[in-house]
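# Commentary on secondary and tertiary structure
Spelled out from the first residue to the last, the chains are:
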Amino acid sequence: MKVGFGSDHAGVELKLTLMEYLKEKGYECVDYGNYDANDRNDDYPVYGRKTAEAVMRGEVDKGVVICGTGVGISLAANKVPGIRCCVCSEPYSARMSVEHNNANMLSMGARVIGRELAKTIVDAFFGATFEGGRHARRVEMITDIEETYSKNPVD
Ligand code: RB5
């Protein structure tokens, strides 16, 4: 499995920790920036977008994004078509985001959770499988919303 990682300055340290953690487990990890924790003028949408575009294009199988809260970078990632990026602060939601929502990206807040909790969240996310069935219908309904508004933008 190939995983794309992105973060703003607030998430650089946690991102590097998690990349190392997943590499040890045999995952291939690609870093889409930011590479500098001291660059406080960077903008989280840049890295949310880059990572999400890599997932959309199939360069990587899944994405993990991190900012201070996990919120801003997930909002940016979710604007890329086909992306379902969920902010998780505990493992149960991370597992369900895949089993029920077929999430292809995970977002976390480096100022919200600690390193060890983040590892359990990553384990839950990557250990889960989409259940399909009735959940597939609901995920398709989300895609329908995306397609409706990309074809017919509201004036
Ligand atoms: C940066 O200070 C902070 O706003 C950002 O990391 C993130 O938390 C935004 O949602």
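Data block above holds the structure.
Rules used in this analysis
- Residues numbered from 1 in each chain as written.
- Predicted model: local features only at pLDDT ≥ 70, side-chain atom pairs only at ≥ 80, totals over all residues.
- Heavy atoms only, no water.
- Near = heavy atom within 4 Å.
- Polar contact = N/O pair within 3.5 Å; in protein donor to acceptor, adjacent residues only side chain to side chain.
- Areas by Shrake-Rupley, 256 points an atom, 1.4 Å probe, with all protein chains shown as cover.
- Nonpolar A, V, L, I, M, F, W, Y, C, P; charged D, E, K, R; others polar.
- Helix = DSSP H or I, 4+ residues; strand = E, 2+ residues; numbered from the N terminus.
- Buried < 20%, exposed > 50% of the residue type's maximum accessible area, 1.4 Å probe, protein only.
- Contact = heavy atoms within 4.5 Å.
- Salt bridge = Lys/Arg side-chain N within 4 Å of Asp/Glu carboxyl O.
- Axes fitted to C-alpha atoms, helices over the stretch in contact; angles between N-to-C directions.
- Parallel < 35°, antiparallel > 145°, perpendicular 65-115°, else oblique.
- Left-handed = near helix turned anticlockwise from the far one by under 90°.

## Here's the deal with the site of the ligand
Neighbouring the ligand are the residues D8, H9, A10, Y44, C67, G68, T69, G72 and R111. In the model, an oxygen atom of the ligand is placed 2.6 Å from a nitrogen or oxygen of the D8 side chain. Contacts to the ligand include R111, whose side-chain N or O atom sits 3.3 Å from an oxygen atom. Here the ligand loses 71% of its free accessible area of 300 Å² to cover by the protein chains. Here the residues of the shell around the ligand sort into 3 nonpolar, 4 polar and 2 charged.

## Details of the environment of N34
The residue N34 is located in the loop between strand 2 (28-31) and helix 2 (44-57) in this model. Residue classification places N34 among the buried positions, given a relative accessible area of 6%. Those residues in contact with N34, other than ones at most four positions away along the chain, are S7, D8, H9, V12, K15, D39, D42 and Y47. Here D42 takes part through its side chain, which lies 2.5 Å from a polar atom of the side chain of N34.

## Overview of the pattern of salt bridges
For the structure shown, the criterion picks out 7 salt bridges. In this structure, K2 and E28 form a salt bridge, with 3.9 Å as the shortest nitrogen-oxygen distance. Taken together, the positions of K2 in strand 1 (residues 2-7) and E28 in strand 2 put the pair 26 residues apart, joining distant regions of the chain. With relative accessibility at 29%, the residue K2 sits in the partly exposed group.

## A word on the packing of helix 1 (residues 12-24) against helix 5 (residues 115-127)
Any two packed helices are characterised by the angle at which their axes cross and by the distance between the axes. Interhelical geometry of helix 1 versus helix 5 gives an angle of 50° and a closest axis separation of 10 Å. In terms of orientation, helix 1 and helix 5 fall into the oblique class. You can see that helix 1 and helix 5 cross each other, and the crossing is right-handed. Counting all contacts with helix 1, which are made through E13, L14, T17, L18, Y21 and L22, the residues of helix 5 involved are R115, A118, K119, V122, D123 and F126. In terms of residue class, the contact of helix 1 with helix 5 is made up of 7 nonpolar, 1 polar and 4 charged.

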